[in-house]
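Here is what each chain is made of, one letter per residue.
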Amino acid sequence: MRWPIEFSDQLAVKNIDSNVAIISLWTKKEALKDKIDDYAVLGQLYSVDEGINSLLRNLLANKKIRYLIIVGNDLSGSGDILLKLFGEGTDNEKRIGSIKLDNEIPIDMIDEMRKNIEVFDYRGKTSEEINKLISSLPKKGSYGEPEIFPKKKVAPPKTFPGEKAGYLIRADHINEAWLKILELVMDFGMI
């Protein structure tokens, strides 16, 4: 199996057998990837919704990851959401605050992951401090077989977003204008 399964072209992979995954939030991974000695994967986490769901999919697809280190600048609050997820879990609707986790990932798998992955909040720490932490972490085995879940099915929108503004229709005949108006209402009108 090819891993990471999500955003693999945007992540830095160093040692696939490492127990460590590093989330650099809004700090570019290029600023850290050569300064950190050992990790399985290193990447940014810009988007809270899609980003956290993709992170969960990657973590559940590689259960050798036993440590998650959060570093870097947190401009979108994704680091705080991650800490809340690993510390408190989700509610009954799989929400962490206003963030909804994908229904395709079972809540018992998320809870198992939370029990088996230790999270470190190293935002504001230097690469030397991060390396010192990583070297102090004991090597652990995998906590299970890889789990891969189907992608979230996104229904196409019924209407496209449009500005609350007037639209200009020009036509030589009223019946042509009427068809153009109907098409605009069907595409951009509010339900």
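Residues numbered from 1 in each chain as written. Predicted model: local features only at pLDDT ≥ 70, side-chain atom pairs only at ≥ 80, totals over all residues. Heavy atoms only, no water.

Draft legend 1. Representation of the overall build of the chain in the model. Summing up its helical and strand segments, the chain has five helices and seven strands in all. Against the 2.2 N^0.38 benchmark of 16 Å for 191 residues, the chain shows a C-alpha radius of gyration of 22 Å, more extended than a compact globule. Principal-axis analysis of the C-alpha atoms places the extent of the chain at approximately 80 × 35 × 30 Å. Evaluated residue by residue, the chain yields a buried proportion of 39% over its 191 residues. The contacts in the chain between residues at least 6 apart in sequence include a share of 71% that link residues at least 24 apart. (Helix = DSSP H or I, 4+ residues; strand = E, 2+ residues; numbered from the N terminus. Rg over C-alpha atoms; globule rule 2.2 N^0.38 Å. Buried < 20%, exposed > 50% of the residue type's maximum accessible area, 1.4 Å probe, protein only. Contact = heavy atoms within 4.5 Å.)

Draft legend 2. Highlighting the side chain of R66. If you trace the backbone, R66 turns up in the loop between α1 (49-61) and β4 (67-70). Buried and without a salt bridge, R66 has E118 as its closest oppositely charged side chain, separated by 8.2 Å. A distance of 2.8 Å separates a polar side-chain atom of R66 from the backbone oxygen of N116. Not counting residues within four places of it along the chain, the set of residues in contact with R66 comprises N19, N116, I117, E118, K140, G141, S142 and Y143. (Lys, Arg positive; Asp, Glu negative; His and termini not counted. Salt bridge = Lys/Arg side-chain N within 4 Å of Asp/Glu carboxyl O. Polar contact = N/O pair within 3.5 Å; in protein donor to acceptor, adjacent residues only side chain to side chain.)

Draft legend 3. Up close: unusual backbone geometry. Along the chain, W3 connects to P4 via a cis peptide bond; the corresponding omega equals 0°. Here P4 shows up in the segment before β1 (12-13). Its identity as a non-glycine residue notwithstanding, F7 has a phi of 55°, on the positive side. With respect to the helices and strands, the residue F7 is situated in the segment before β1. Since its relative accessible area comes to 33%, F7 is described here as partly exposed.

Draft legend 4. Expanded view of the environment of P157. As for its position among the elements, P157 is in the loop between α4 (127-136) and α5 (174-188). Between the alpha carbons of P157 and D187 there is a distance of 9.5 Å; along the sequence they are 30 residues apart.

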